[in-house]
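# Understanding the architecture of this molecule
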Amino acid sequence: MKFLIVGDILGKPGRRALKYYTVSHPNSFDVLLVNVENSAGGFGIDRKVYEELKSMGVDVMTSGNHIWDKKEVLEFINSDDLLRPANYPLSVPGKGYGLYEKRGVKFAVINLMGRVFLDPHLENPFHTFDRIYEEVSRQTPIILVDFHAEATSEKYAFGMYADGRASVVFGTHTHVPTADQIILRKGTGFVSDVGMSGCWYSVIGMKPEQIINKFLTGMPQRYEVEEKEDVVFNAILADIDENSGKCLSIQRIQKYISRDELKEL
Ligand code: FE2
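Our subject in this report is the structure included herewith. Quantities reported herein were computed from a predicted structural model and do not represent experimental measurements.

### A short note on the coordination of the iron ion
Reference geometry at the metal: tetrahedral coordination by four donors gives ideal angles of 109.5 degrees; octahedral coordination by six donors gives 90 or 180 degrees. Donor atoms from the polypeptide that bind the iron ion are Glu-37 (OE), Asn-65 (OD1), His-148 (NE2) and His-173 (ND1), placed at 2.1 to 2.3 Å. Within one chain, the residues donating to the iron ion are spaced in sequence as E-x27-N-x82-H-x24-H. Linking Glu-37 in the loop between strand E2 (31-35) and helix H2 (47-55) with His-173 in the loop between strand E7 (168-172) and strand E8 (182-183), this pair joins segments that are 136 residues apart in sequence. No difference in accessibility class separates Glu-37 from His-173, as the two residues are buried.

### Some thoughts on the sheet that holds E7
An order of E4-E5-E6-E7-E9-E8 is seen for the six strands of this open sheet, with the pairing classed as mixed. With one partner strand each, in any of the chains shown, strand E4 (97-102) and E8 form the two edges of the open sheet. Seen against the sheet, helix H4 (residues 125-136) touches E4, strand E5 (105-113) and strand E6 (143-148) and runs at an angle of roughly 165° to E5.

### Focus: a positive patch on the surface
A cluster of basic residues, Lys-12, Arg-16, Lys-19 and Lys-48, forms a positive patch at the surface. With three residues, helix H1 (residues 11-24) is the largest single contributor of residues to the positive patch. With respect to the helices, strands and loops of the structure, Lys-19 is situated in helix H1. Take Lys-19: its relative accessible area is 38%, and that puts it in the partly exposed class.

### Considerations on the packing of aromatic side chains
Think of a pair of aromatic rings as described by two things: how far the centres are apart, and how the planes are tilted against each other in angle. For the coordinates displayed, the defined rule picks out 13 aromatic pairs. For the ring pair Tyr-156 and Phe-190, a centre distance of 4.7 Å and an interplane angle of 65° mean the geometry is edge-to-face. With Tyr-156 in helix H5 (residues 152-162) and Phe-190 in strand E9 (residues 189-191), this pair connects stretches of sequence that are 34 residues apart. Using a relative accessible area of 1% as the deciding quantity, one classes Phe-190 as buried. Aromatic side chains Trp-200 and Tyr-201 sit 5.8 Å apart centroid to centroid with 80° between the ring planes, which places their arrangement in the edge-to-face category.

### Overview of the nonpolar core
If you look at the biggest cluster of nonpolar residues, it comprises 32 residues, and the most contacted ones within it are Leu-4, Val-6, Leu-18, Ile-45, Leu-53, Leu-82 and Phe-233. Counting only elements with at least two residues in this core, the list comes to strand E1 (2-8), H1, E2, H2, helix H3 (73-76), strand E11 (231-240) and strand E12 (247-257). When residues no more than four places from it in sequence are discounted, the contact partners of Val-6 are Leu-18, Leu-32, Leu-33, Val-34, Asn-35, Val-194, Ser-197, Phe-233, Asn-234 and Ala-235. Core analysis: the second largest hydrophobic core is formed by 22 residues, Met-1, Leu-144, Val-191 and Cys-247 among them.

### A word on the side chain of Ser-167
Examined against the element boundaries, Ser-167 turns out to sit in the loop between H5 and E7. From its side chain, Ser-167 meets the backbone oxygen of Pro-141 in a polar contact 3.3 Å long. In terms of polar contacts, Ser-167 uses its side chain to reach the backbone carbonyl oxygen of Gly-245, at 2.7 Å. If we skip the residues at most four places from it in the chain, Ser-167 touches Pro-141, Ile-142, Ile-143, Gly-187, Thr-188, Gly-189, Ile-240, Gly-245 and Cys-247.

### A short note on the environment of Lys-186
Within the secondary structure, Lys-186 sits in the loop between E8 and E9. Lys-186 gets classed as exposed once you look at its relative accessible area, which sits at 54%. Each C-alpha atom, one on Lys-186 and one on Arg-259, is 42 Å from the other, the two residues being 73 residues apart in sequence. What Lys-186 contacts, discounting residues up to four positions off in sequence, is Asp-163, Gly-164 and Lys-246.

### Details of the pairing of E11
Regular strands have side chains that alternate between both faces of the sheet. Burial analysis of E11 places ten of its ten residues in the buried class, which makes it a mostly covered element. Where E1 meets E11, five bridges bridge the pair, whose relative direction is antiparallel. By the bridge assignment for E11, Ile-5 is matched with Ile-236. Inspection of the sheet shows E11 paired to E12 by ten bridges, in the antiparallel sense. Of the residues in E12, the one forming a bridge with Asp-239 is Ser-249. A loop of six residues connects E11 with E12, the two strands running antiparallel in sequence, and Gly-245 in this loop sits at a positive phi of about 80°.

Rules behind the numbers
Residues numbered from 1 in each chain as written. Predicted model: local features only at pLDDT ≥ 70, side-chain atom pairs only at ≥ 80, totals over all residues. Heavy atoms only, no water. Donors = N, O, S within 2.8 Å, 3.2 Å for Na, K, Ca; no water. Helix = DSSP H or I, 4+ residues; strand = E, 2+ residues; numbered from the N terminus. Buried < 20%, exposed > 50% of the residue type's maximum accessible area, 1.4 Å probe, protein only. Pairing = 2+ DSSP bridges. Contact = heavy atoms within 4.5 Å. Axes fitted to C-alpha atoms, helices over the stretch in contact; angles between N-to-C directions. Patch = residues over 30% accessible without salt bridge, like charges linked within 9 Å, V, L, I, M, F, W, Y side chains within 5 Å. Areas by Shrake-Rupley, 256 points an atom, 1.4 Å probe, with all protein chains shown as cover. Salt bridge = Lys/Arg side-chain N within 4 Å of Asp/Glu carboxyl O. Lys, Arg positive; Asp, Glu negative; His and termini not counted. Charge placed at Lys NZ, Arg CZ, Asp CG, Glu CD. Phe/Tyr/Trp six-rings, centres within 6.5 Å; stacked < 30°, edge-to-face > 60°. Core = buried A, V, L, I, M, F, W, Y, C linked by side-chain atoms within 4.5 Å. Polar contact = N/O pair within 3.5 Å; in protein donor to acceptor, adjacent residues only side chain to side chain.

In C-alpha cells form, the structure reads like this:
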C-alpha cells in the first residue's frame, strides 16, 4: 500500500503544488496524507480550503500548532478526516487519531506534537503514543504518525521509540525537508521532516522582506505568504506491507514547478 505523505502545505502556492503533483502522478499512490495547518493563507485552515483539499483527493489531514489560527475551524474540527495533535488535553475539540479504510485496507493515522521549543503544556507525546497504539494496533498493523515538532533530537528519539510499532514516523513543522529518510531496524520508515510545499524563494514560505525586517529590527511584523514565485513540492512516498505493517520502502520526492507549468493546471 503506497502512502503519499505531504508536509506543511503553505497557502495557495502549496495547494497548487499539491494539485500539480497529484494530477500529474495519478496512479503513483493509494492514500494521500497532508499536513494542512498552514494551508489557508499560511495560518490554519478554513472551510473553503478544507473542501478544496478534499476535492483533490486528500484522504487524511494532519496539523499542529497552527490548527486553531482560523476560528471557523471549530465548526468542522470534528470531521473524520481532520486531525489535531493527540496530546492536547482531552477537553480540546477535535481528535488526534483515526482509523481509516481505503481499497479494503485498514490503517491508522496518529497526529502528535513535540514539546521542545514548541509547547511544553502538552502531554508527553511518547506517553500519548503508547496509549493510542494500544488501542489502534488491535485494529490494524498499519500505523502512520505525523510528529509535528521543532527539535530534530525529539523527532529522532520518538522515531527510535516507535520503531517496530509505527509503520512510518514522519516529521513536519520546520518546513525544511531533511535528506534522512530511512527504514529503522525494526521496520519503521522515518524522516525527520518532510518539508513544506509552497514558494521556494521565500523564508519557509513567507515573504522574505518581512522576515528579514523582523531580524533587522526585532519589531513585530505581519507575515504574508509569498505567492509570486515558482513553487516546490516536497513529499515522502512510503510503501507499507499490508500484512505486517512494516515499511518496505521510503522515498523522498522533491519537484520544483515553474510558473509556466502551473499555468497548465
Ligand atoms: Fe507547525
